[in-house]
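Here is how the chains run, residue by residue.
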Amino acid sequence: MILFEKHYPATLDRLVAEFTGRRLETWTFDDRETRRAAEAALASRGIAARCRSAYKPLVCAFREEIATEGLTSVEIVYPRHPGAKSSRFLLESYPLSALYPGIDFHFEAGEISEAVPIYRLRLRYADGRDEPLEVLAPNRLHLDFADEQALSPCGWQIVEGAASHLTTVYEQLFAEAMTAIREAEWETRNGSGERYLEELYLEEPFFEEPFFEELNITATLPIADEPLGYADEVLSLREALHEEFYFSLLEVFQRRSGRPLGDRHLQPGQIVPEIRFGTAYAVKVETRPYDRESISSHREPLVAVARPLSQVQIGEELATLGGSGFHAMSVAGRRLEGRYLAGSDRAMIISAGQHANETSSPAGTLQAAAVLAARDGAHFTLCPLENPDGYALHQRLIADNSRHMHHAARYTALGDDLEYREGEALHEKAIRVEAERLTNALLHINLHGYPAHEWTRPLSGYIPRGFEMWTLPKGFFLVLRHTPGWADASRALIEAVTLALNEVPDLRAFNDRQIALFERHAGDTGFEMINGFPCLISEDDRHRVPMTLITEYPDETIYGPAFQAGVAAQRASVLAAYDALQALPDELLAS
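Residues numbered from 1 in each chain as written. Predicted model: local features only at pLDDT ≥ 70, side-chain atom pairs only at ≥ 80, totals over all residues. Heavy atoms only, no water.

K.L.:
I'd like a description of the overall build of the protein chain, backed by residues and values.
P.N.:
Counting its secondary structure elements, the protein chain contains 14 helices and 25 strands. A globule of 591 residues ought to have a C-alpha radius of gyration of about 25 Å, and the protein chain, at 25 Å, matches this closely. Projected onto the principal axes, the alpha-carbon positions of the protein chain cover approximately 80 × 65 × 45 Å. Looking at the protein chain as a whole, 58% of its 591 residues are labelled buried. Considering only intrachain contacts with a sequence separation of at least 6, the fraction spanning at least 24 residues in the protein chain is 77%. Total accessible area on the protein chain stands at roughly 23400 Å², and carbon and sulfur atoms take up 50% of it. Measuring between centres, the 57 positive side-chain charges of the protein chain sit 3 Å from its 89 negative side-chain charges. (Helix = DSSP H or I, 4+ residues; strand = E, 2+ residues; numbered from the N terminus. Rg over C-alpha atoms; globule rule 2.2 N^0.38 Å. Buried < 20%, exposed > 50% of the residue type's maximum accessible area, 1.4 Å probe, protein only. Contact = heavy atoms within 4.5 Å. Areas by Shrake-Rupley, 256 points an atom, 1.4 Å probe, with all protein chains shown as cover. Lys, Arg positive; Asp, Glu negative; His and termini not counted. Charge placed at Lys NZ, Arg CZ, Asp CG, Glu CD.)

K.L.:
How would you summarise the sheet that holds strand β15 (residues 270-277) if you had to cite specific residues and measurements?
P.N.:
Whenever strands of a sheet pair, they do so through backbone hydrogen bonds, lying parallel or antiparallel. Across the sheet, which stays open at both edges, the four strands sit in the order β1-β16-β12-β15 with mixed pairing between neighbours. Edge positions in the sheet fall to β1 (2-8) and β15, since each has one partner strand and no second. Within the sheet, the average angular offset between the axes of one strand and its neighbour, ignoring direction, is 10 degrees. For β1 and strand β16 (residues 281-288), the ladder comprises six bridges, and the chain directions are antiparallel. (Pairing = 2+ DSSP bridges. Axes fitted to C-alpha atoms, helices over the stretch in contact; angles between N-to-C directions.)

K.L.:
Help me get a handle on the confidence of the model for the protein chain, residues and values and all.
P.N.:
Of all residues in the protein chain, 96% have pLDDT values of 70 or greater, and the mean over the chain is 95. Taken together, the stretch residues 188-206 has pLDDT below 50 and engages in 27 contacts with residues farther than four places along the chain or on a different chain. (pLDDT = per-residue confidence, 0-100.)

K.L.:
Could you give an account of the packing of aromatic side chains, naming the residues involved and the relevant values?
P.N.:
Under the criterion given, the structure shown has 23 aromatic pairs. Ring centres of F145 and F174 lie 5.8 Å apart, and the angle between their planes is 90 degrees; on these two criteria the pair is classed as edge-to-face. Within this pair, whereas F145 is found in the loop between β8 (139-143) and β9 (149-153), its partner F174 is found in helix α6 (residues 169-182), the two being separated by 29 residues in sequence. With relative accessibility at 4%, the residue F174 sits in the buried group. Of note, R88 hangs over the ring of F89, and the distance from its end group to the ring centre comes to 4.4 Å. (Phe/Tyr/Trp six-rings, centres within 6.5 Å; stacked < 30°, edge-to-face > 60°. Lys NZ or Arg CZ within 6 Å of the ring centre and 35° of its normal.)

K.L.:
So what about the pattern of salt bridges? Which residues, and what values?
P.N.:
Using the criterion set out here, one finds 56 salt bridges in the structure. Between E300 and R307 there is a salt bridge; the shortest N-O distance is 2.6 Å. With a relative accessible area of 17%, E300 lands in the buried category. Taking the shortest distance from any N to any O, the salt bridge between R481 and E419 comes out at 3.7 Å. Within this pair, whereas R481 is found in strand β22 (residues 477-482), its partner E419 is found in the loop between α10 (388-398) and α11 (430-439), the two being separated by 62 residues in sequence. Residue E419 is classed as buried on the basis of its relative accessible area of 10%. It is possible to trace a salt-bridge network through shared partners that takes in E25, R35, R36, E39, R50, R52, E64 and E65. (Salt bridge = Lys/Arg side-chain N within 4 Å of Asp/Glu carboxyl O.)

K.L.:
Let's hear about the packing of helix α1 (residues 11-18) against helix α2 (residues 32-43): which residues, and what values?
P.N.:
How two helices sit against one another is set out by the angle between their axes and by the gap between those axes. Following both chains from N to C, one finds α1 and α2 inclined at 5 degrees, their axes separated by 10 Å at the closest point. Classified by the angle between their axes, α1 and α2 sit roughly parallel to one another. Counted together, L12, L15 and V16 of α1 and T34, R35, A38, A41 and L42 of α2 form the full contact between these two elements. (Parallel < 35°, antiparallel > 145°, perpendicular 65-115°, else oblique.)

K.L.:
Could you give an account of the sheet that holds strand β6 (residues 118-125), naming the residues involved and the relevant values?
P.N.:
Pairing in this open sheet of four strands is mixed, and the strands run β5-β4-β6-β7 from one edge to the other. In the strand order of this sheet, the two ends are held by β5 (104-112) and β7 (130-136), each with one partner. Averaged over all adjacent pairs, the angle separating strand axes in this sheet is 20 degrees, with direction ignored. Relative to β5, strand β4 (residues 71-80) runs parallel, the two being bridged by seven bridges. Pairing of V74 across the sheet is with F105, part of β5. Of the strands in this sheet, β4, β5, β6 and β7 are in contact with helix α3 (residues 57-64), which crosses β7 at around 130 degrees.

K.L.:
How would you sum up α11? Please name residues and give values.
P.N.:
Taken together, the buried positions of α11 are I431, R432, A435 and T439. Buried residues of α11 fall within an arc of 100 degrees about the axis and therefore sit on the same side. Buried residues along α11 sit against β17 (324-329), β18 (335-341), β19 (348-352), β20 (380-383) and β21 (443-451). Directly beyond the C-terminal end of α11, a positive phi value near 50 degrees is found at N440. (Arc of directions from axis to C-beta.)

K.L.:
Account for the pairing of strand β2 (residues 23-28), with residues named and values stated.
P.N.:
Sheet analysis places β2 next to strand β3 (residues 48-53), joined by six bridges and oriented parallel. Across the sheet, residue L24 finds its bridge partner in β3, namely A49. For the segment spanning β2, α2 and β3, crossover handedness is right-handed. In this structure, β2 lies alongside strand β10 (residues 156-159), joined through four bridges in antiparallel fashion. In the sheet register, E25 faces β10, and the bridge partner there is I158. (Right-handed = clockwise from strand over helix to strand, strands pointing away.)

K.L.:
Give a description of the environment of V371 that names residues and reports values.
P.N.:
Looking at the element boundaries, V371 is found in helix α9 (residues 361-373). The exposure class assigned to V371 is partly exposed, which follows from its relative accessible area of 30%. Residues V371 and R571, 200 residues apart in the sequence, show an inter-C-alpha distance of 9.6 Å. In this structure V371 touches R571 and L575, once residues within four positions along its chain are discounted.

K.L.:
Can you tell me about the environment of Y125, naming the residues and giving the values?
P.N.:
Along the chain, Y125 falls in strand β6. In this structure the C-alpha to C-alpha distance between Y125 and R88, which are 37 residues apart in sequence, comes to 28 Å. In contact with Y125, other than residues within four places in its own chain, are I66, A67, E69, G70, L71, T72 and E131.

K.L.:
Which residues make up empty space enclosed by the protein, and what values do they have?
P.N.:
Under the defined criterion, the tally for this structure stands at seven cavities of 30 Å³ or more. In this model, the largest cavity occupies a volume close to 110 Å³. Around the largest cavity, the lining comprises 14 residues; the ones closest to its centre are Y55, V234, E239, E454 and T456. It is helix α7 (residues 237-256) that provides the largest number of residues to the lining of the largest cavity, a total of three residues. Along the lines of polarity and charge, the residues of the lining of the largest cavity split into six nonpolar, three polar and five charged. (1 Å grid on protein atoms, 1.4 Å probe; cavity = no way out; pocket = protein on both sides within 12 Å on 5 of 7 lines; lining within 4 Å. Points joined across faces, edges and corners; volume = space filled by probe spheres on them. Nonpolar A, V, L, I, M, F, W, Y, C, P; charged D, E, K, R; others polar.)

This is how it looks when you write it as structure tokens:
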């Protein structure tokens, strides 16, 4: 069923055709080539124009306007606004200091002000020049689609010295599609479309979940991605729009179901923004049945895998381990496979692919499991792909753009995080329950990843709500959660694992580089450093297994040697955790 469909004229095309003044400055959500073309077209009509980027304006100013030849140092006083986090505009300057390693950048927080944000710069050159400069960062304070106040980048124009908000097609397309979805008459338990304040206090959601099988938002934008020339960093307004649609819609349905924002139990269905490059602006919103057929089948040498494994190969590699099989069924009817190798060692559960766009973990677990399976006494279970519906969606999405994060593939076809699923219909989560029953394991190692480049939501406050700590890559780190009484064993385990990780070639150097850049643009990581690796250790009674070790490698979008490095870190973590578990003294094991 089609909910909304529309084509839009481009913002700068309209201005070029209609503007009648003599001077014009704009800030829009367009790539550099499009903005330069608009300047040339306006100049041909005798209009002096400067068309700037509304997205990351300071970074774009350095790339497009500021003379960096001979520039030795820059002092940047970044703005602060009462409607945003104090570090918000420092984050937006990322990754400047890495783009220009020969320039000494010094960042300083400015006074808190409600005025339009401005970066104030002092540029010093080798020839003695000392130049002040201001870089405008237009933002507007508004209620977003979660009904939360947000300070967001926006279109802007200055005409003959008078400044005003310019509603861009990028903002309009998003707002109109979101409004159509929010106002649609979704099924409710009482058959009406009304919401009551009382729903916030119900034990169960007032609105029936799921609302749909697949909610598809297909949009085309004539906006090219612009690689920044450092690591995996790219200016990508199409990727940013994917993230905006996906997480804004989760928030809309959390509100509609009477849940708190960020609730991972929400089961709206599968939300799928497909944001593609095209020659014109267009969007179509529709509900569809689940895609139950898609399955990837390409093959890679497992020992030298350089891209995400296919679903077919994951199953084939798993079958070679021996042991006995067990399985569960996904929401859309895909089969999850696990293997149990019974032995005399202390048992460990190994899982991967809970969040299906975190792609280094299936290969890392399979490589490690092949090593463990050859040992006498090996005792473990492995499920290398816990979320096959999300994985199938990820394979579908990367066919259009393999470099985007595609968080729509993060959760299951129900739209929830399988770890948080409750009730009788466990679907994918049943594979974990069976692994726990088979092993009575003391340790579950659960391999994850996170974005390999900056993650933003530019139309809802820029910083992803609820995921603030994940906005910038900060190396490979570990999270260890334990039940009461297991603090000492957990500490001993993570000490041993981090010591072993120091032996992985180049991993510590990789971490040191990413952490240093993170601290420059975001402040302290907030992690405890254990043997040189960032770690978080906490008591958590949500898990039935006494210790749960979670790996986090910045693997969303990486390929080739970078992907192989991620797989190597995941593999090493599994092997180190298994060895550390076997070496724990008996007196540390709680009853």
